[in-house]
Amino acid sequence: MMARLEPRGQPPRWLSPLLTVTAVAVALVIGAIVLALVGGDPVKSYLHIVKAAFGDIGVLSDTLVKATPLILTGLACALAFRMRLWNIGAEGQFLLGAWGASFVILGLGLPEGTPAIVLIPAMMLAGALAGAIWGIVPGVLRARLGVNEIITTLMLNYVALAWVQFWVFGPWSEGGFQQTATFPKEAWLPRLTDFGKEIPLLSGLTTHLGMVFALIATAIVWFAVSRTRWGYEMRLIGDNARAARYAGIDIRRYIVVVFAISGALAGLAGMSEVAGSVHRLQDRISPGYGFTAIIIAFLAHLGPWRVVVASILFGALILAGREIQPSGVPAMIQGVILFCLIVADVFTRYRLVIARRAAATT
Amino acid sequence: MTATEPLAPPVASSSNALEAVGIVKSFPGVLANDHVDLDLRQGEIHALLGENGAGKSTLMNVLAGLYRPDEGVVRVDGRAVEFRSPRDAITAGIGMVHQHFTLVPSQTVAENVLLGLDKPRFRLDLKRTEAEVDRVARDVGLKVDAHARIWQLSVGEQQRVEIIKLLIQGAQVLILDEPTAVLAPQEIADLFTTLRSMVATGTSVVFISHKLGEVLSIADRITVMRAGRVTAAGIDPKGVTRADLARLMVGRPVLEQLKRTEVEAGHVVLQVDDVHADNDRGVAALRGASLEVRSGEIVGIAAVAGNGQSELAQVITGLRTCTGRVMIEGRDVAARPARESIAAGVAHVPEDRSGVGSAPNLSLVDNLILRAFRRPPLARGPLLDERASRDMAGGLREAYAISAPTLDAPVRILSGGNLQRLILAREIDSAPKVLVAVQPTRGLDVGAIEGVHQMLLDLRAKGTGILLISEELEELLALADRILVMYEGRIAASFDTPSGADVDAIGLEMTGGEGAGAGESVSADT
């Protein structure tokens, strides 16, 4: 017996989703084996994760809160990856977005009692703009000078982190703690619990308007990539940049524009997180949303709606990580899922052939 | 299992260097080799002829140890062998030069040769390898600099390195997969000389090709394959004509009979005036090239590879910056973005079909709308009308007989001929004023070439001015109204066809012109 990989011609349509689901299932089995090896009870752990993330409407709502920034950063990555622009900087763009939104509250000196109808759009704009700028920098460097965007976006993450730390440790620090003062209520995104008085079922639920932003953004991205000429040109550039040039497309402009939009989406995620969930800027505002977004984008095969599904799965894992001990288990599962996805990708392009040695005739 | 062809089965004899008997190899959905026999005598050049997809490469990959046959035996010098890898094959003395070379561009010739050896297990003895390269190169009459880095070499030189590499590894049988597809006419002649001197020293050669003229001129014997089977085994080239071979290959009589409408050449649609441009390495490739193409006219460019013809095409289509003037119907598009050339009415069949002319993983629809997507009816404001796109793609697929399973299939699964039809369909459908076609039939088989030629003539009849850049002189002679010879970035000579075009005269101009031997106006430089 001998096993070999042979290239596939045209993989059938169902193959890729099937392999993705299989990869996740295999990852869970591997996770279970690891758990069993260290003396844990895998069934109990998994049940606990499911319960901690989806067990009742309260935790489900918390899962959606975690999923919100993941959807927006996941879209940011998926959009850039479609053009083979490896934006590893969603984390930094997220942080800048959070900072930009905070700047509206803390840096502009707006009078107290400025209404939400002014504050929230201003924060969205500032967050998206700050994220976009953080995306445009590597975009321009790549388009004009051919600088590798993986390096620049990765490095800018650390700059962004230091930038946020400077502000929360220094000028905006609340009594010496590494966080700002809580934002005024007008700067909070409406939450489901805000309607608790009218609909008792919603009281205590923290899912906020950011989820709506995320879904609207998903719809817009989906429409743009699948229904517009712009989306077609992006597909062309992503698959073969030389063919795109041959078709008369200005690739350099596209690189900058896509980086700007990608950064703006991640920046909006940062805004949504400070305005919808944390209500202040603080050190460690992101548990690595911008990095998890990379896994999500691949898990979703860069499809906008699939980003939403993958984000909810990963939101659940992040939430469960806080709930169960040891908290390393969900992180381990994330890692194993990524690994299995990469392996699964091999099987979309190759088929495994198990051949018995052909006996020589004559 | 003898119900195949009424030919006598080859008898195993000691003089056969390599022998394949009853090879069967199938891939999902395709029976690539259906009980194929081949015998290669020692010291002969045996041509394996067939269209793309006939199973030639599959058979050779079996012989070179890349594929394992489902059935059948391979014998080397009469002994049955079973190859598990190309290494086994080379140990048995069988080496293959693939269409895509397997050299490391950043390393020198000697280093690349060394890579294939397993003798110095640890310590690298470059000096000795260099000496070895020089010796082998001298023996078979190849010119190669052992110190040169691969990326500095022309395609023809790289091919020589591949051959030398295999000879040093001890290959007694060389399999060359379409070796002339990438070569200029002069390089082909050099290769043939080398092959002759190699077989004289006892090496045996399998020469894979689908070019009839070539096969008849070089082969000692010919085996023809069609659709996975052998249709003629080891026949003598003396007794057959090109028409016979074409019939054996294609399965029907092929006589290229093109319908050529008489068209009066109209106004000038393309005018290139004193254009200068650099190539990718920053060396001047176009040095004051000037030419004109009129509507309803095919102007052929004949040149040995690397004389600026690729850059000329890129300058006209906006893919390369330049100085000078490139006028499309009076509009200067020199050094302007590709989009302006397109808007001015330039269509382009690029040299590199899969690398430039198409997006391999995108669907037929996406590839077919590449020219039309900016204009209605496909474009509706910023939106792209999916229904209209599919209608257009479906119409083109039918009109140009592009065979593909569905409109959503990625174009990378198309055969070379089908992909070229797709590109031509798209470019012709854009109703261009000027078409720049570069090597439009390179790598295509006989049937497909006929189709492409007819498409170009039909477009000419509609009044498009066509600039045809080709390394196939026969193609230029058959299609072009005028042939311009390019040499070192300039137009060196012009010939009217058919009356004033003499193959020898054109060939002479292609290699540098007067001084080389025409002798009537310029004295020979000895």
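Residues numbered from 1 in each chain as written. Chains lettered and ligands numbered in written order. Predicted model: local features only at pLDDT ≥ 70, side-chain atom pairs only at ≥ 80, totals over all residues.

## Some details on the overall build of chain B
Check the secondary structure of chain B and you find 16 helices and 22 strands. Since a compact globule built from 526 residues should have a radius of gyration of about 24 Å, the 25 Å found for chain B is in line with a globular shape. Over its C-alpha atoms, taken along the principal directions, chain B stretches across nearly 70 × 60 × 50 Å. In chain B, which comprises 526 residues, the proportion classed as buried is 45%. Taking the intrachain contacts of chain B between residues at least 6 apart in sequence as the baseline, contacts between residues at least 24 apart amount to 67%. (Helix = DSSP H or I, 4+ residues; strand = E, 2+ residues; numbered from the N terminus. Rg over C-alpha atoms; globule rule 2.2 N^0.38 Å. Buried ≥ 20, exposed ≤ 12 C-beta atoms within 10 Å, placed from the backbone. Contact = placed C-beta atoms within 7 Å.)

## Here we look at the sheet that holds strand E2 (residues 30-41) of chain B
All names here are of chain B. Pairing is antiparallel in the open sheet, where 4 strands are placed in the order E2-E1-E4-E5. At either margin of the open sheet sits one strand with a lone partner, and together these are E2 and strand E5 (79-81). Neighbour to neighbour, the strand axes of the sheet diverge by 25° on average, direction disregarded. Sheet topology note: the strand E1 (residues 16-27)/strand E4 (residues 71-76) ladder contains 5 bridges and is antiparallel. The residue of E4 that forms the bridge with Val24 is Glu71. Contacts between helix H1 (residues 56-63) and the sheet are confined to E1, E2 and E4, with E1 contributing the most and set at about 120° to the helix. (Pairing = 2+ DSSP bridges. Axes fitted to C-alpha atoms, helices over the stretch in contact; angles between N-to-C directions.)

## Focus: the packing of helix H3 (residues 57-82) of chain A against helix H7 (residues 210-227) of chain A
Residues and elements named next belong to chain A. Direction vectors running N to C along H3 and H7 enclose 20°, while the axes themselves pass 9 Å from each other. Accordingly, the angle class assigned to the pair H3 and H7 is roughly parallel. Along this stretch, H3 crosses H7, giving a crossing that reads as left-handed. Of H7, the residues touching H3 (which contributes Leu64, Thr68, Ile71, Leu72, Leu75, Leu79 and Arg82) are Gly210, Met211, Ala214, Ala217, Thr218, Val221 and Val225. (Parallel < 35°, antiparallel > 145°, perpendicular 65-115°, else oblique. Left-handed = near helix turned anticlockwise from the far one by under 90°.)

## Remarks on helix H16 (residues 503-510) of chain B
Residue and element names in this part refer to chain B. Burial in H16 covers these residues: Ile506, Glu509 and Met510. With its buried residues spanning 105° around the axis, H16 presents them on a single face. On the buried face of H16, the contacting elements are strand E13 (298-302), helix H15 (473-479), strand E21 (482-487) and strand E22 (490-496). Once H16 ends, the next one or two residues include Gly512, with phi positive near 115°. (Arc of directions from axis to C-beta.)

## Observations regarding the nonpolar core
As a rule of thumb, soluble globular proteins bury nonpolar side chains together. Residues Leu72, Leu75, Ala76, Met123 and Leu265 of chain A together with Leu467 and Leu468 of chain B are the most contacted members of the largest nonpolar core, which totals 184 residues. Each of domain 2 (256-345 + 432-526) and domain 3 (360-429) of chain B gives at least three residues to this core. When residues no more than four places from it in sequence are discounted, the contact partners of Leu265 of chain A are Leu72, Leu75, Ala76 and Ala217 of chain A. (Core = buried A, V, L, I, M, F, W, Y, C linked by C-beta atoms within 7 Å. Domains from an automatic or database assignment.)

## Some thoughts on the domain arrangement of chain B
Residue and element names in this part refer to chain B. You can read the domains of chain B as domain 1 (16-96 + 167-248), domain 2 (256-345 + 432-526) and domain 3 (360-429). Once you take the C-alpha centre of each, domain 1 and domain 2 turn out to be 35 Å apart. Taken together, the 8 residues of domain 1 in the interface contact 11 residues of domain 2. The class makeup of the residues in the side of domain 1 that touches domain 2 is 4 nonpolar, 3 polar and 1 charged. (Nonpolar A, V, L, I, M, F, W, Y, C, P; charged D, E, K, R; others polar.)

## Looking at the environment of Ala101 of chain A
If you trace the backbone, Ala101 of chain A turns up in helix H4 (residues 90-106). Each C-alpha atom of the pair Ala101 of chain A and Ala122 of chain A lies 7.7 Å from the other, and the pair is 21 residues apart in sequence.

## Topic: the sheet that holds strand E8 (residues 204-209) of chain B
Residue and element names in this part refer to chain B. Taken in spatial order, the 6 strands line up as E6-E7-E8-E3-E9-E10 in an open sheet, and their pairing is mixed. Since the sheet does not close on itself, it has two edges, and those belong to strand E6 (94-97) and strand E10 (229-235), each with one partner. For this sheet, the mean inter-axis angle between neighbouring strands, taken without regard to orientation, is 15°. As paired strands, E6 and strand E7 (residues 173-177) are joined by 4 bridges and run parallel to one another. Paired with Val97 across the two strands is Leu176, which belongs to E7. This element, H1, spans strand E3 (45-50), E6, E7, E8 and strand E9 (221-226) of the sheet and lies at about 150° to E7. Set on the sheet, helix H8 (residues 242-250) makes contact with E3, E9 and E10; between it and E9 the angle comes to about 35°.

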